[in-house]
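Below, each chain spelled out in residue letters.
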Amino acid sequence: MDAYLIAIAIIGAIYVLLALGLNLQYGLTGIVNFGHVGFFCVGAYTTAIIGSHGVSMLVTFPLAALFAMLAAWPLGLVSIRLREDYFAIVSLGFSEVVRLVVTSESWLTNGVQGIAGIPKMFGMLTGTTQALAVLGLLVALNLVAVAAMWRIVRSPFGRMIEAIRDNEDAVKALGKDPAGFKIQVLVLGAGLAGIAGAVYAHYIGYISPDQFIPLMTFQVWMAIIMGGVGRISGALVGAILLMVFLEGSRFLRDVMPFISEVAMASVRLGVVGLALILFTMYRPQGLMGDFTRK
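A brief report on the enclosed structure follows. Here the structure is a predicted model, which means the values were calculated and not measured. (Residues numbered from 1 in each chain as written. Predicted model: local features only at pLDDT ≥ 70, side-chain atom pairs only at ≥ 80, totals over all residues. Heavy atoms only, no water.)

## What about the overall build of the protein?
We apply this condition: Put simply, DSSP H or I for four residues or longer makes a helix, DSSP E for two residues or longer makes a strand, and each gets a number counted from the N terminus. Atoms counted for the radius of gyration: C-alpha only. Globule rule: 2.2 Å times residue count to the power 0.38. Exposure classes here rest on a 1.4 Å probe applied to the protein chains alone. A residue is buried below 20% of its type maximum, exposed above 50%, and partly exposed in between. Only the protein chains shown count as covering a residue, and every accessible area follows the Shrake-Rupley method with a 1.4 Å probe.
Per the secondary structure count, the protein includes 13 helices and two strands. Compactness check: the protein gives a C-alpha radius of gyration of 19 Å against a globular reference of 19 Å for 294 residues, within 12% of the reference. Each of the three principal axes of the protein carries a C-alpha extent, and together these read 55 × 45 × 35 Å. Within the protein, the fraction of its 294 residues that count as buried is 49%. Summed over its atoms, the accessible surface of the protein is roughly 14100 Å², and 69% of this surface lies on carbon and sulfur atoms.

Next comes the structure, spelled out in structure tokens:
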């Protein structure tokens, strides 16, 4: 049972990193990014390909972040001047293009068979001790990410991106270039997703294209919506709440034994979707949002 809880905590901490990156993009800047899993995929495959050749984790992590950021930069240059709804569609298409590339370029990514044998983090340790070390690393990474987010929010850069979110036309009237700021935010959020992908690849030890579907992006969206858009604490609480729904729904069959194992997957998805609908209706600002709002 302890091993199961630690594993859930590790996946939850990875979702926190993803939620912090998306919260920076949408919550603080207003960038509707439906392709967040694409940067997660780039980070995971970067560390898997390089790490499989014996390169140290101290090198694979920065490279995973760098390649994810490099993937975000041209996307921003091409698409960031589009209206929010058009950019959302383009970003979703980007994530699918990334998945198709890793599927088709089998000479590099091993195609649909995926990459196995990715070195584990803290390989000198075993069992629960190793899992706790991974969790400790993730906690440290999240603390650094939260501290950086707090620094950004309280800086002139943070005030500018919040102004872009609230009234982009007013920012343009002041002679500022919102597109440049949006590109920087898109790149920073992609870097966090790339690091999350690196941790995921090293922890799981095996990755394939089927692990990076758009559903993961929308799960991260659910986390920041339930926790509170634009709130750093909302990203943390939302990711925890998401894991509670995803893992708690596994035990639904104990109270509904008449539902088959195959049908239960759809029921679980429906339960999570219902939770999101209820939050949207009765608590649209999220758990950590403005409590003065109804």
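Now that the structure has been shown, we can carry on.
## Brief notes about the nonpolar core
Threshold: Nonpolar cores were defined as sets of buried Ala, Val, Leu, Ile, Met, Phe, Trp, Tyr and Cys residues, with membership established by side-chain atoms within 4.5 Å. Residues are treated as being in contact if the distance between any of their heavy atoms lies within 4.5 Å.
Counting 85 residues, the largest nonpolar core has I10, I14, L20, F40, I207 and F212 as the members making the most contacts within it. In terms of residues, this core owes the most to one element, helix 9 (residues 178-204), which gives 15 residues. Apart from the residues lying within four places of it in its own chain, the contact partners of I14 are F40, L138, A196, V199 and Y200.

## Some points on the layout of surface pockets
A probe as big as a water molecule, rolled over the atoms, marks out the empty space that is left. In plain terms, the rule: Only protein atoms enter the calculation, which uses a 1 Å grid: trapped sets of points that fit a 1.4 Å probe without letting it out are cavities, open sets showing protein on both sides within 12 Å along at least five of seven lines are pockets, and any residue with an atom within 4 Å of a point is a lining residue. Grid points are joined across faces, edges and corners, and a volume is the space filled by probe spheres set on the points. Throughout this entry, Asp, Glu, Lys and Arg are counted as charged residues, while Ala, Val, Leu, Ile, Met, Phe, Trp, Tyr, Cys and Pro are counted as nonpolar. The remaining residues, Gly among them, count as polar.
There is about 560 Å³ of room inside the largest pocket. Forming the walls of the largest pocket are 23 residues, and the residues nearest its centre are Y15, Q219, L246, E247 and R250. Put simply, the parts of the chain that give the lining of the largest pocket at least two residues each are helix 1 (2-27), helix 9, helix 10 (214-227), helix 11 (232-248) and helix 13 (261-282). Looking at the lining of the largest pocket element by element, the count peaks at six residues for helix 1. Grouping the amino acids of the lining of the largest pocket by side-chain chemistry returns 17 nonpolar, two polar and four charged.

## Concerning the side chain of S208
Take S208: it is sitting in the loop between strand 2 (206-207) and helix 10. We classify S208 as buried; its relative accessible area is 8%. Not counting the four nearest positions on each side in its chain, S208 is found in contact with Y45, V112 and G114.

## Observations concerning the packing of helix 7 (residues 156-166) against helix 9
For clarity, the threshold we go by: Simply put, an axis is a line fit to the C-alpha atoms, just over the touching stretch for a helix, and the angle between two N-to-C directions goes from 0 to 180 degrees. Under this scheme an angle from 65 to 115 degrees is roughly perpendicular, one under 35 degrees roughly parallel, and one over 145 degrees roughly antiparallel; angles in between are oblique. Throughout, a crossing is termed right-handed when the near helix is turned clockwise from the far one, and left-handed when it is turned anticlockwise from it by less than a right angle.
Where helix 7 contacts helix 9, the axes come no closer than 10 Å and their chain directions differ by 110°. In this view, helix 7 runs roughly perpendicular relative to helix 9, as classed from their interaxial angle. Helix-helix and strand crossings are classified by hand; for helix 7 and helix 9 the assignment is left-handed. Residues F157, M160, I161 and I164 of helix 7 lie in contact with helix 9, whose contacting residues are P178, F181, K182, Q184 and V185. When its residues are assigned to classes, the contact of helix 7 with helix 9 shows seven nonpolar, one polar and one charged.

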